Amino acid sequence: MFKLGKVTLSPPILLAPMAGVSDLPFRLITRSFGCEFAFAEMVSARALAYKSKKTLKLIASVPEDKPLGVQLLGADPVFIRQAIEIINQSDFAALDFNAACPVRKAVNRGEGAALLKDPKKLHALLQIIVKESRLAASVKIRSGWDENSVNAVDIARLAEDAGVKTIFIHGRTRAQSYRGKVDYNIIRKVKESVQIPVVGSGDAFSPELVKKMFDETGCDAVAIARGALGNPWIFPQVAQFFKDGATAPQHSLDDLIKTMHKHFELLCDFHGERIGVVVFRKFFYWYTKRIPGIRPLREKTFRAKTKEEVTNIMDELTRMDLIAPG
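How each quantity is defined
- Within every chain, residues take consecutive numbers counted from 1 along the sequence as written.
- Given that the model is predicted, a residue must reach a pLDDT of at least 70 before its local features are reported, and side-chain atom pairs must reach 80 or more before they are shown or counted; all residues, however, enter totals for whole chains, interfaces and linings.
- The side-chain numbers reported here are obtained from all heavy atoms of the structure, hydrogens and water having been left aside.
- Counting from the N terminus, the helices are DSSP H or I runs at least four residues long and the strands are E runs at least two residues long.
- Contacts are residue-level and defined by heavy atoms, with any inter-residue pair within 4.5 Å sufficient.
- Take the buried Ala, Val, Leu, Ile, Met, Phe, Trp, Tyr and Cys residues and link them wherever side-chain atoms come within 4.5 Å; each set so joined is a nonpolar core.
- Each residue is assigned to one of three classes by its accessible area relative to the maximum for its type, calculated with a 1.4 Å probe on protein chains only: buried under 20%, partly exposed between the two thresholds, exposed over 50%.
- With axes taken as lines fitted to C-alpha atoms, and helix axes fitted only over the stretch in contact, angles between N-to-C directions fall between 0 and 180 degrees.
- Reported orientations rely on four angle classes, namely roughly parallel under 35 degrees, roughly antiparallel over 145, roughly perpendicular from 65 to 115, and oblique for the rest.
- Crossing handedness follows the turn of the near helix against the far one: under a right angle anticlockwise gives a left-handed crossing, and clockwise gives a right-handed one.
- Residue type decides the class: Asp, Glu, Lys and Arg count as charged, Ala, Val, Leu, Ile, Met, Phe, Trp, Tyr, Cys and Pro as nonpolar, and the leftover types, Gly among them, as polar.
- Put simply, two rings from Phe, Tyr or Trp (the six-membered ring, in Trp's case) pair if the centres are within 6.5 Å, and we call them stacked under 30 degrees between planes, edge-to-face over 60, tilted for the rest.
- Either the NZ atom of lysine or the CZ atom of arginine qualifies as a charge over a ring when it sits within 6 Å of the ring centre and within 35 degrees of the ring normal.
- What the arc covers is the set of directions going from the helix axis to the C-beta atoms.

Asks: Run through the side chain of Thr288, naming residues and quoting values.
Replies: Structurally, the position occupied by Thr288 is in helix α12 (residues 273–288). If sequence neighbours within four positions are ignored, Thr288 has contacts with Met260, Ile294, Arg298 and Leu317.

Structure (structure tokens):
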């Protein structure tokens with residue numbers, strides 16, 4: 001079991017925040033498959049401080065979407081304090097600070113993974129977050145900026161000194177982004193260097209790889225991110241695997257299509273038809289990427305502009321004599 005704030009998770013897995021992905025419909029789909037804890041999309045402290053409508057929608061929730069964590073991105077103490085004031089008035093269960101985002105737009109502002117190059121500033125920001133937040137704060141880091149500056153252990157110790165209660169670490173450098181292999185060794189070193197819980201992240205694409213993360217790093221929990229794209233089944237599969245070591249059977253094409261329909265309906269209800277259709281395109285790709293012969297339907301989906309068109313395309317899938325991979 002793993003405790004994040006006041007929430008206890010068993011098995012100790014959770015849904016990581018993913019920009020452009022972890023909206024309310026996506027989270028509700030994963031919840032329906034047994035995901036106990038999820039983070040909303042990462043939000044800018046500056047945008048939240050200004051109460052941007054777009055940003056507030058990123059963290060919109062419903063009772064079925066609890067417990068929910070929020071992740072802040074920023075580097076300005078003024079905006080971070082103001083954002084935390086808003087978060088303190090909400091019913092989030094956890095607050096995470098992002099010092100891992102590799103996106104150029106963020107690092108050019110000195111945010112995200114750029115803070116790995118400025119440990120003193122990161123330490124000061126974390127002290128502010130710990131002091132101002134009513135929630136137990138965590139921080140998300142990477143192994144380092146690049147292969148010549150792998151400083152995750154030093155950063156983790158500074159975070160612990162600042163009062164952070166949990167460390168999330170993605171086992172890649174900023175330079176790697178999401179390429180190459182995850183470094184289990186650096187996650188293990190971070191775990192061994194601090195007394196607070198450590199959550200491993202990176203390449204958690206299957207129950208076997210989740211187990212590998214635990215076995216090779218000794219981490220307290222695993223955050224699932226890209227492994228859940230088009231695959232909400234990973235949550236019950238991991239739970240079953242940790243219960244009795246059994247490998248879950250493949251889900252049927254019918255199960256896949258029903259889930260896609262449900263997800264699409266949620267997207268259209270939440271975003272409206274026009275945006276829902278556009279957003280669903282990437283999810284259609286993720287749900288169907290392992291289905292042979294899917295390219296013509298995928299291309300039709302990327303040209304579709306109405307809810308009816310997308311629904312008809314999914315109905316065409318029912319006539320494909322295939323089994324969707326688990």
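Asks: I'd like a description of the nonpolar core, backed by residues and values.
Replies: Ranked by size, the top nonpolar core spans 107 residues in total, and within it Leu72 and Phe97 carry the most contacts. Excluding residues that lie within four positions of it along the chain, Phe97 makes contacts with Leu72, Gly74, Ile80, Leu115, Leu122, Leu125, Leu126, Ile129, Ser138, Val139 and Lys140.

Asks: Give me the packing of helix α8 (residues 184–193) against helix α9 (residues 207–217): which residues, what numbers.
Replies: The N-to-C vectors of α8 and α9 enclose an angle of 50 degrees; their axes lie 8 Å apart at closest approach. Comparing the axis directions of α8 and α9 gives the class oblique. α8 and α9 meet at a crossing whose hand is right-handed. The segment α8 lies against α9, with Tyr184, Ile187, Arg188 and Lys191 engaging Leu209, Lys212, Met213, Glu216 and Thr217. When its residues are assigned to classes, the contact of α8 with α9 shows 4 nonpolar, 1 polar and 4 charged.

Asks: Which residues make up the packing of aromatic side chains, and what values do they have?
Replies: In total, this model carries 10 aromatic pairs according to the counting rule given. Between Phe264 and Phe280, the ring centres sit 4.9 Å apart and the planes meet at 45 degrees, which makes this aromatic pair tilted. Taken together, the positions of Phe264 in helix α11 (residues 253–271) and Phe280 in helix α12 put the pair 16 residues apart, joining distant regions of the chain. Phe280 gets classed as buried once you look at its relative accessible area, which sits at 0%. The side chain of Lys117 reaches across the aromatic face of Trp145, ending 4.1 Å from its centre. The ring centre of Tyr178 lies 5.0 Å from the NZ or CZ of Arg142, which sits over that ring.

Asks: Let's hear about helix α14 (residues 307–317): which residues, and what values?
Replies: The complete set of buried residues in α14 reads Val310, Ile313, Met314 and Leu317. Viewed end-on, α14 has its buried residues packed into an arc of 95 degrees, placing them on one side of the element. Where the residues of α14 are buried, they touch α11, α12 and α13 (295–303).

Asks: Go over the environment of Ile186 with me, naming the residues and quoting the values.
Replies: Within the element layout of this structure, Ile186 appears in helix α8. Residue classification places Ile186 among the buried positions, given a relative accessible area of 6%. Along the backbone, Ile186 and Lys211 are 25 residues apart, and their C-alpha atoms lie at a distance of 17 Å. Not counting residues up to four positions away in its chain, the partners in contact with Ile186 are Ser143, Val150, Ala152, Val153, Ile169 and Gly171.

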